[in-house]
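What the coordinates show
Spelled out, the chains give:
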Amino acid sequence: MMDGTPKPAAASTVISASALNLTFETNDGPVHALRDVNLEVGKGDFVSFIGPSGCGKTTFLRVMADLEQPTSGTVLVNGVTPEEARKARAYGYVFQAAGLYPWRTIGGNIRLPLEIMGYDKRVQAERVKEVLALVDLAGFEKKYPWQLSGGMQQRASIARALAFEADILLMDEPFGALDEIVRDHLNEQLLALWARTQKTICFVTHSIPEAVYLSTKIVVMSPRPGRITDVIESTLPRERPLDIRDTPEFLEIAHRVREGLRAGHAYD
Amino acid sequence: MRAVVPVLTVVAVIVAIWYAAAVWLNAPWARDMAARQDRELGAAELVVDTWSQDKPKLPAPHQVVTELWETTVEKSVTSKRSLVYHAWVTLSATLAGFGLGTALGFALAVGIVYIRVMDMSVMPWVIASQTIPILAIAPMIIVVLNAVGVSGLLPKAVISMYLSFFPVVVGMVKGLRSPSAMQLDQMRTWNATSAQEFVKLRLPSSMPYLFASLKIAMAASLVGAIVGELPTGAVAGLGARLLAGSYYGQTIQIWSALFMAAAVAAAMVGLIGVLQRVTLRRMGLDR
Ligand SMILES: Nc1ncnc2c1ncn2[C@@H]1O[C@H](COP(=O)(O)OP(=O)(O)O)[C@@H](O)[C@H]1O
Ligand SMILES: [Mg+2]
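Since the structure is predicted, the reported quantities are computational estimates derived from the model, not experimental observations.

1. Observations concerning the overall build of chain A
For chain A, the helix and strand inventory stands at eight helices and nine strands. In terms of C-alpha radius of gyration, chain A reaches 18 Å, essentially the compact-globule figure of 18 Å for 268 residues. Structurally, chain A occupies a C-alpha span of about 55 × 40 × 40 Å along its principal axes. The contacts of chain A with a sequence gap of at least 6 include a subset with a gap of at least 24, amounting to 71%. For chain A, the centre of its 30 positive side-chain charges and the centre of its 34 negative side-chain charges are spaced 5 Å apart.

2. A look at the environment of B:A21
Residue and element names in this part refer to chain B. Assignment of secondary structure puts A21 in helix α1 (residues 4-36). On the basis of relative accessible area, A21 is assigned to the partly exposed category, the value being 22%. Sequence-wise, A21 and P59 are 38 residues apart; in three dimensions their C-alpha atoms are separated by 9.5 Å.

3. Remarks on the domain arrangement of chain A
Residue and element names in this part refer to chain A. Under the domain assignment, chain A is made up of domain 1 (1-90 + 169-268) and domain 2 (98-165). Between domain 1 and domain 2, the C-alpha centre-to-centre distance is 25 Å. Contact residues are listed per partner, giving 15 residues for domain 1 and 15 residues for domain 2. Taken together, the links from domain 1 to domain 2 amount to zero salt bridges. For the pair domain 1 and domain 2, the interface holds two residue pairs in polar contact (both at pLDDT 80 or more). Those elements that provide at least two residues to the side of domain 1 that touches domain 2 are β6 (168-172) and α6 (180-197). Looking at the side of domain 1 that touches domain 2 element by element, the count peaks at seven residues for α6. Its residues assigned to classes, the side of domain 1 that touches domain 2 comprises nine nonpolar, three polar and three charged.

4. Here's the deal with the UniProt feature "transmembrane region" (unreviewed entry) in chain B
Residues and elements named next belong to chain B. Those residues carrying the UniProt feature "transmembrane region" (unreviewed entry) are residues 7-27, 85-115, 122-145, 209-232 and 252-275 in this numbering. Across residues 122-145, helical content stands at 92% and strand content at 0%; the span's end C-alpha atoms are separated by 25 Å. The span residues 252-275 carries 100% helix and 0% strand; its end-to-end C-alpha distance comes to 35 Å.

5. What to know about the sheet that holds strand β5 (residues 91-94) of chain A
All names here are of chain A. The mixed open sheet is built from six strands, whose spatial order is β5-β6-β7-β3-β8-β9. Since the sheet does not close on itself, it has two edges, and those belong to β5 and β9 (227-233), each with one partner. Across the sheet, the mean angle separating the axes of adjacent strands is 15° when strand polarity is ignored. Against the sheet, helix α5 (residues 150-162) makes contact with β5 and β6, and its axis sits at roughly 165° relative to β5, the strand it touches most. Docked against the sheet, α6 engages β3 (46-50), β6 and β7 (200-205), running at close to 160° with respect to β7.

6. Quick look at the site of ligand 1
Residues and elements named next belong to chain A. Around ligand 1 lies a shell formed by F24, T26, V31, A33, S53, G54, C55, G56, K57, T58 and T59. Between ligand 1 and the protein, one listed contact pairs an oxygen atom with a backbone N or O atom of C55 at 3.2 Å. K57 has a polar backbone atom sitting 2.9 Å from an oxygen atom of ligand 1. Listing elements by their share of the shell around ligand 1, those giving two or more residues are β1 (13-26), β2 (29-42) and α1 (57-64).

7. Focus: the pattern of salt bridges
Evaluated as defined, the whole model comprises 20 salt bridges over all chains. A salt bridge links B:D119 to B:R177; the shortest N-O distance between them is 3.2 Å. Within this pair, whereas B:D119 is found in helix α5 (residues 116-131), its partner B:R177 is found in the loop between α7 (153-176) and α8 (181-189), the two being separated by 58 residues in sequence. Residue classification places B:R177 among the partly exposed positions, given a relative accessible area of 38%. Several salt bridges share partner residues, and in doing so they unite A:R62, A:E68 and B:D185 into one network.

8. Looking at the interface of chain A and chain B
With 26 residues of chain A at the interface, the matching set in chain B holds 20 residues. Of the roughly 2,100 Å² buried where chain A meets chain B, counting both sides, 58% is carbon and sulfur surface. On inspection of chain A and its partner chain B, the count reaches three salt bridges. Ionic pairing is found between A:D66 and B:R188, a salt bridge with its closest N-O pair at 3.4 Å. For the interface between chain A and chain B, the tally reads nine residue pairs in polar contact (both at pLDDT 80 or more). At the level of elements, α2 (82-87), β5 and α3 (106-116) of chain A are the ones that each hand at least two residues to the side of chain A that touches chain B. For the side of chain A that touches chain B, the element with the highest residue contribution is α3(A), accounting for four residues.

9. Some remarks on a nonpolar patch on the surface
A surface patch of nonpolar side chains, amounting to about 210 Å² of accessible area, comprises B:V7, B:V11 and B:V15. Within the element layout of this structure, B:V11 appears in helix α1.

10. Details of the UniProt feature "domain: ABC transporter" (unreviewed entry) in chain A
Residues annotated by UniProt as "domain: ABC transporter" (unreviewed entry) correspond here to residues 17-248 of chain A. The distance from the first to the last C-alpha atom of residues 17-248 of chain A is 33 Å, and the span holds 34% helix and 27% strand.

11. With respect to the sheet that holds β1(A)
Residues and elements named next belong to chain A. Ordered in space as β2-β1-β4, the three strands form an open sheet in which the pairing is antiparallel. Lying at the two open borders of the sheet, with one neighbouring strand each, are β2 and β4 (72-77). With direction set aside, neighbouring strand axes in the sheet form an average angle of 20°. Here five bridges tie β1 to β4, and the two strands are oriented antiparallel to one another. When the sheet's bridge partners are listed, S16 is paired in β4 with L76. In the packing of α1 onto the sheet, contacts are made with β1, β2 and β4, and the angle to β1 comes to roughly 120°.

Calculation notes
- Residues numbered from 1 in each chain as written.
- Chains lettered and ligands numbered in written order.
- Predicted model: local features only at pLDDT ≥ 70, side-chain atom pairs only at ≥ 80, totals over all residues.
- Heavy atoms only, no water.
- Helix = DSSP H or I, 4+ residues; strand = E, 2+ residues; numbered from the N terminus.
- Rg over C-alpha atoms; globule rule 2.2 N^0.38 Å.
- Contact = heavy atoms within 4.5 Å.
- Lys, Arg positive; Asp, Glu negative; His and termini not counted.
- Charge placed at Lys NZ, Arg CZ, Asp CG, Glu CD.
- Buried < 20%, exposed > 50% of the residue type's maximum accessible area, 1.4 Å probe, protein only.
- Domains from an automatic or database assignment.
- Salt bridge = Lys/Arg side-chain N within 4 Å of Asp/Glu carboxyl O.
- Polar contact = N/O pair within 3.5 Å; in protein donor to acceptor, adjacent residues only side chain to side chain.
- Nonpolar A, V, L, I, M, F, W, Y, C, P; charged D, E, K, R; others polar.
- UniProt positions renumbered as here; feature names shortened; annotations may be inferred.
- Pairing = 2+ DSSP bridges.
- Axes fitted to C-alpha atoms, helices over the stretch in contact; angles between N-to-C directions.
- Near = heavy atom within 4 Å.
- Buried area = accessible area lost by both parts, 1.4 Å probe.
- Patch = residues over 30% accessible without salt bridge, like charges linked within 9 Å, V, L, I, M, F, W, Y side chains within 5 Å.
- Areas by Shrake-Rupley, 256 points an atom, 1.4 Å probe, with all protein chains shown as cover.

Quick look at the structure:
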């Protein structure tokens, strides 16, 4: 879908934000959701955004998705404005809640964006099969959302975001509402999926182990005003079994993230 | 099945109260008649008389049932004296008005949801329209339409429409606005057009609201059609039966027309209920 768009100068940069500010005017005065945010996300990166609630993680992701307009500064997605990127269907967005339509089967839900984008019927059917296999839900195509567990529903919503082959995946606390065991399992699957599809993923979380386990780059944020306080490049290998979380290297990165979060608070 | 006993108990209590009320209300007339003939009425005679008068103040249940039986089952449905015929006359206007009202209500709701100017301006008028007593404007609607040569079913249907579009507007505005901000944002991330958003998200989300509105609209339509039959001196329809009955003191006829109207309303609302259950179950919206 992206063949028409020119690649940015630095071919590996997929998302770049510079001097980004976003202030919400509310009845209680202005809320500085994002203050002077600068960030580069390279192609194939898995970037986690971590920070206490209210630090602007969701807002940042929504700016990338053209769901929110910055007050000043620029964001480029695939070298173009977020609006152009959205219209080119450059990204898939996974919300915190699965948000599947109860009146559509799992297959029907995944087909929804494809119908909207005008894929032909045969291609739709192929894509649905492919992405269901990708999230390990093969055979659930004809089931309705209420017949699936919360974790499976969230996987279906990820499949839906993958269906139209956008090369960027924006995920806002997709596993936030799930219990830890399911979450571990989904994290593992998400890494496998990332390795297979080579997508660029921006992932919001407020779990330190989740951020460290998943990411190639961890962006630590802090609130009031919402800003980036640290960007940590992970030294972990791309291949990550779950028990990598017990290695000293993992714990060291986790420690650095925790320090970053603490420093952000001391700023207040 | 467990509901049967309580329901029957309630029905029995109502019937008993009704019979008692018939004795109480019709007794003065029975005593008058007896006094004129210089007769004394015993208690048993009094009761029998109050339950079998020709033009009682309150007919006894069995009198209404008998009248209903005679005017539905024992008359050919094409006969002017068949209650089925009159019910059909009213029902056809009701259904036409219900269809028109639903279409109008739906169109207004879509306008209100999508067009900002309509959102700001239409609702107060819609509400104002319902504060005017229907009995006041029904004759005007009929006179005006008659003046331009429209008579028969249509003027009644227009009055039905006037009453039935309201619940549909209110329900559908709420229904079409029921998708969450997240669902709407999601549509935006897919770069969906307004039409796609409407067909694939807003419309299906509004179904539970639509059916609730349709039930109220159907009942309102029937009231509208009956009211529409009153001022025209209509010769057919349940409204005409009510009116004729009250001219000639035919209380039994009035009551049986009322029961017929209630039965028609219950049947139509029940039909929508069935449609609702089937549709919502199929859509997975009933849980
Ligand atoms: N639409 C909005 N209007 C006003 N304030 C908002 C809006 N969205 C977010 N905010 C505020 O912006 C700040 C950042 O919010 P958010 O990005 O949701 O934080 P996070 O996702 O990190 O928890 C919060 O203080 C929040 O209250
Ligand atoms: Mg958030």
